[in-house]
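If you want the building blocks of each chain, they are given just below.
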Amino acid sequence: MRFLFHQSDHQDRFLLSFHLVSLRADIDVACVAPRHVERSDFFQSFFEKLKRQEEIKKLRAVEDAYVPVIKFEFDGIEIDLVFARLSVPTVADNLDLRDNSCLRSLDIRCIRSLNGCRVTDEILHLVPNKENFRLTLRAIKLWAKRRGIYSSVLGFLGGVSCAVLVARTCQLYPNALASTLVNKFFLVFSGWEWPKPVLLKQQEESNLNLPVWDPRVNPSDRYHVMPIITPAYPQQNSTYNVSTSTRAVMVEEFKHGLAVTNEILQGKSDWSKLFEPLNFFQKYKHYIVLTASASTEEHHLEWVGLVESKIRVLVGNLERNEFISIAHVTPQSFPGSRDLCKQSGYVSMWFLGIAFRKVENAERVNVDLTCVIQSFNDTVYSQANNLHVLKEGMKIEAAHVKRKHLHYFLPAETLQKRKKQSMPGTSQNASGLQRKRTSSDGSCLDSSRDRESRTPDNSSSLRKISKVDTSTAERERLAP
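Nothing here was measured: the structure is a model prediction, and the numbers come from that model.

The next thing to look at is helix H2 (residues 108-126). Compared with the 27 Å implied by 1.5 Å per residue over 19 residues, the 25 Å span of H2 between its first and last C-alpha is a close match. Maximal helix bending in H2 amounts to about 35°, located at Asn115. Three or more residues of H2 are buried, namely Cys110, Ile111, Ser113, Leu114, Asn115, Cys117, Arg118, Val119, Glu122, Ile123 and Leu124. At the N-terminal end of H2, a side-chain oxygen is found 3.0 Å from the backbone nitrogen of Arg109, two or three residues along, and the residue is Asp107.

Now the structure itself:
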């Protein structure tokens with residue numbers, strides 16, 4: 001959908017283009033301006049105008065991002081607004097963004113900003129049946145959100161990668177209805193031989209000489225573990241944030257989706273089963289709780305965005321540990337408890353499920369995570385300093401938590417709604433908690449079985465992680 005608006009100061013026409021998948025979905029909007037409008041106008045004077053709109057909430061500018069963006073909520077809907085300055089005196093009503101010539105003489109930030117609209121238009125051009133594609137894509141995006149694998153910034157699927165995968169399924173089964181396409185989606189990608197790339201068409205050449213995804217030319221592209229390539233020039237990998245752990249989680253979900261849709265097509269289940277939420281808080285025995293806190297709401301909003309964008313770095317560092325097989329972060333963040341907020345101000349928490357590898361012929365192995373956590377903290381604080389966004393009161397903390405103690409950090413309804421799916425043998429009694437917390441001197445965090453009973457203070461438990469006893473993790477993993 002596109003529309004035009006006038007800027008009264010110069011009577012210049014701008015073109016805004018956006019794609020809305022479903023009601024209450026996020027909206028990506030591109031503001032396209034003529035050449036005499038500067039990027040500074042967009043991030044300064046236009047930003048100030050947005051500030052004065054009562055309907056706009058949570059407004060913030062991320063000018064130093066890979067794709068510079070203004071983020072806000074309008075009537076409860078999250079909107080990402082990007083800017084592109086074309087090398088034309090005016091923006092035509094019939095501007096065709098699929099034409100590569102519109103990229104001529106643009107800086108790389110403008111090219112990246114236009115990429116979303118160009119990819120959307122190109123995908124719709126490449127699918128055999130647009131309505132079947134749209135309906136299938138809505139189902140897959142809902143499934144991905146419910147199963148906790150929808151967040152490109154955290155290394156899972158995003159809107160573009162979902163669209164490319166669904167479009168490829170439509171190409172392979174051009175006459176299939178949406179219900180069949182959903183099943184074929186899982187059939188194709190549960191057995192896909194990653195890192196073989198998913199392509200909707202052969203990559204095209206251009207005299208614009210822009211950098212494109214090509215592992216034959218770019219050595220860094222060879223390390224991408226799940227490449228899903230955008231079809232519009234310049235072609236890019238839409239899943240460059242995916243790690244070994246997040247790919248393993250997604251492949252597991254593809255296989256689960258295939259089994260469920262097979263049952264549905266056989267009449268053994270209904271479609272609601274496909275969209276059942278992931279039972280994340282019963283999936284693992286051990287979790288890392290990562291918190292980001294700030295003293296004011298405005299600082300917290302800025303801080304949370306930066307911390308979230310770097311969580312994939314923590315996941316990557318964790319999965320490189322020889323004793324960790326999976327580091328699985330849930331995309332949803334949670335507010336801190338009332339007591340924690342009283343102490344630290346505004347608080348958000350993320351949870352990472354940790355699965356340990358079986359250690360042969362070892363009764364007890366201590367896994368030291370001090371350096372992993374410290375490296376992550378250093379990365380975030382360094383980036384915040386470089387961007388001049390670090391404020392007094394902004395903090396990151398981490399804690400190791402056993403599954404049976406999650407209720408100290410999460411609201412009861414979050415865990416209770418999954419109670420029916422609790423794993424057999426799981427103790428619901430967490431009256432005691434024994435934990436040695438780390439301090440700056442690197443003392444030990446021991447995840448061995450509880451020896452003392454006491455009521456934990458979750459605000460004091462948020463400390464850097466040092467060591468986890470995997471002998472306990474292995475005993476608990478094998479417990480009935």
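We now examine the pairing of strand E7 (residues 286-294). Burial analysis of E7 places 9 of its 9 residues in the buried class, the great majority of the element. Judged by which residues are buried, E7 turns out to be covered on both faces: His286, Ile288, Leu290, Ala292 and Ala294 on one side and Tyr287, Val289, Thr291 and Ser293 on the other are all buried. Where E7 and strand E10 (residues 346-356) come together, 9 bridges link them in antiparallel fashion. Counterpart to His286 in the pairing with E10 is Ile354. The pairing of E7 with strand E12 (residues 395-402) spans 8 bridges and is antiparallel. Within E12, the residue paired with His286 across the bridge is Lys402.

Turning our attention to helix H3 (residues 130-146). The end-to-end C-alpha separation of H3 is 24 Å, in line with the 24 Å expected for 17 residues at 1.5 Å each. Among all positions of H3, only Asn132, Phe133, Thr136, Leu137, Ala139, Ile140, Lys141, Trp143 and Ala144 are buried. Taken together, the buried residues of H3 touch H2, helix H4 (159-172), helix H5 (178-190) and helix H6 (244-265). For H3, the N-terminal cap is Asn129; the gap from its side-chain oxygen to the backbone nitrogen of Glu131 is 3.1 Å. At the exit of H3 stands Gly148, carrying a positive phi of roughly 75°.

Rules and cut-offs
- Residues numbered from 1 in each chain as written.
- Predicted model: local features only at pLDDT ≥ 70, side-chain atom pairs only at ≥ 80, totals over all residues.
- Heavy atoms only, no water.
- Helix = DSSP H or I, 4+ residues; strand = E, 2+ residues; numbered from the N terminus.
- Expected span 1.5 Å × (residues − 1).
- Bend = angle between axes of the 7 residues up to and from the residue.
- Buried < 20%, exposed > 50% of the residue type's maximum accessible area, 1.4 Å probe, protein only.
- Polar contact = N/O pair within 3.5 Å; in protein donor to acceptor, adjacent residues only side chain to side chain.
- Pairing = 2+ DSSP bridges.
- Contact = heavy atoms within 4.5 Å.

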